[in-house]
Amino acid sequence: MSLGDGGPAAKPPQDGARANAQWGGRFAGGPSAIMQEINASIGFDQALWRQDLRGSLAHARMLARAGIIDEADESAIRGGLEAIGAEIEAGRFAFDAALEDIHMNIEARLTERIGEAGRRLHTARSRNDQVATDLRLWVRDAIDGLDGQLAALMLSLAIRAAQYAADPMPGFTHLQTAQPVTFGHHLLAYVEMLSRDRGRLADARRRLNECPLGAAALAGTSFPIDRRLTASLLGFDRPAQNSLDSVSDRDFALEYLAALAILAVHLSRLAEEIVTWCSAPFGFVSLSDAFTTGSSIMPQKRNPDAAELTRAKTGRIVGSLMGLLTVMKGLPLAYAKDMQEDKEPVFQATEAAALCLAATDGMVRDLSARTDRMLALAGSGYSTATDLADWLVRTLRLPFRTAHHVTGRLVGRAEVLGVELAGLSLDEMRAEEPGITAAVFDVLTVQASVASRTSEGGTAPANVARQAADWIARLQPGVAA
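Residues numbered from 1 in each chain as written. Predicted model: local features only at pLDDT ≥ 70, side-chain atom pairs only at ≥ 80, totals over all residues. Heavy atoms only, no water.

Student: What is the right way to read helix α4 (residues 71-89) from this model?
Tutor: Within an α-helix, residues lying three or four positions from one another point in the same direction, as the helix has 3.6 residues per turn. Given a rise of 1.5 Å per residue, 19 residues ought to cover 27 Å, and the 27 Å separating the end C-alpha atoms of α4 matches this to within 8%. Of all the residues in α4, the buried ones are Asp 73, Glu 74, Ile 77, Gly 80, Leu 81, Ile 84, Gly 85, Glu 87 and Ile 88. Axial view of α4: buried residues confined to an arc of 155 degrees, hence all on one face. Set apart from the buried face of α4 by more than 90 degrees, the exposed residues are Glu 71, Ala 72 and Glu 89. Against the buried residues of α4 lie α3 (49-65), α5 (102-114) and α6 (116-119). Taking the backbone nitrogen of Ala 72 as reference, a side-chain oxygen 3.2 Å away marks Asp 70 as the first, capping residue of α4. (Helix = DSSP H or I, 4+ residues; strand = E, 2+ residues; numbered from the N terminus. Expected span 1.5 Å × (residues − 1). Buried < 20%, exposed > 50% of the residue type's maximum accessible area, 1.4 Å probe, protein only. Arc of directions from axis to C-beta. Contact = heavy atoms within 4.5 Å. Polar contact = N/O pair within 3.5 Å; in protein donor to acceptor, adjacent residues only side chain to side chain.)

Here you go:
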């Protein structure tokens, strides 16, 4: 929303609230306490102060180069904004709810510091294009920060994957033992997920990198501004091309939140597995006191609370996406005050995602794997049955469906006898398929099973070691992913 058009000074507010002098003469009295409370956003949008200063510095430079303000005014504005930044950084800036938002708080303070030159800063812009620019800058900065955290977590997982490249564990489908895999292979699955998360955030960053400044309230401006200069000064690829869309678009925030929601789901899945692996029936891993808590009544307990809270914060992040989608779903062009509600979901989801990434990275580096326990359970549930079926196909040339039925009957026989497949005698196997030879026992061990999965992307230890090494090389600091 643009500043008022001037006019007589506002009358003192009837209810004792401080008048907002920035509105000029448009309103004769101050807002009610309720209106002030619902209207003000400074309680949360002060988080945009760095971006607001950057946008204003770029705007002032553009105005001066275009001859819209003189160089002396631009110099005063620059000095004033830099001083305000120092005040905020030092915690000495008095944010005022009566001034509603971060834009008006900074502009009012600028005018207090430098006088008339401060009033020229808002020439050829509106709060509509100003806030759209600030939020894009904030989301862009947030993406850059989260990308670094994602890369760090991926590197931690890849290092662990290299460490456990040859250590078998049960692989599950439907949470039922399916086939043996290696623990390193399992960890690399999350590296792949997080790589896609990085890609989604990078895509979102690329699409948001258009500058709304210059769209003004909704129709552009009659001043001879240079929007390409402003975009360049702020690191945008180009100006946004439609003034209506520029001020009303929040797709970039929605896309960002959608990417965070998928990331949160991935972190939650890993957190769920850590919780499961830490439980006594599994006992695959343990976490130190750094990432667990005790019980108030059961002294033996060590609860994986960091993982549980990471899992829980998925609701907060997904809720932020749903909230903003709901805000935007019925808004006509261009700007509406509803869009003030865009910032808190973005800020809250970012904070939660950053915390969850830090906690997950810490847990991955902290955990101790019980490879003996994993190995003991890797062969449970007849997990090498598929290896038996594959052997029948390769060696006896049985059709796979026939081999599948033979293997099923052998699993049934083993269940009756209470043994694993390798515990069946050769005669018992030949009773189901006479062509079976003693060589079949070579494929029924867990180690033989994982070693045989040499197809691209398979769990063979050599594959896992190679993939982990590749990821580590790509993720080391200074090496592009």
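Student: Looking at this structure, I do not really get the pattern of salt bridges. What am I missing?
Tutor: When the charged atoms of two side chains with opposite charge come close together, those side chains can pair. In this structure the tally under the stated criterion is 27 salt bridges. Measuring nitrogen to oxygen at the nearest pair gives 2.6 Å for the salt bridge that ties Asp 203 to Arg 206. Taken together, the positions of Asp 203 and Arg 206, both in helix α8 (residues 183-208) and three residues apart, correspond to about one turn of that helix. On the basis of relative accessibility, which here comes to 28%, the residue Asp 203 falls in the partly exposed class. Arg 413 is the salt-bridge partner of Glu 432, the closest N and O atoms lying 3.2 Å from each other. Of this pair, Glu 432 sits in the loop between α17 (426-430) and α18 (446-452) while Arg 413 sits in helix α16 (residues 400-417), and the two are 19 residues apart along the sequence. Note on Arg 413: relative accessible area 30%, which makes it partly exposed. Several salt bridges converge on common partners, so that one network encompasses Glu 87, Arg 109, Glu 112 and Arg 113. (Salt bridge = Lys/Arg side-chain N within 4 Å of Asp/Glu carboxyl O.)

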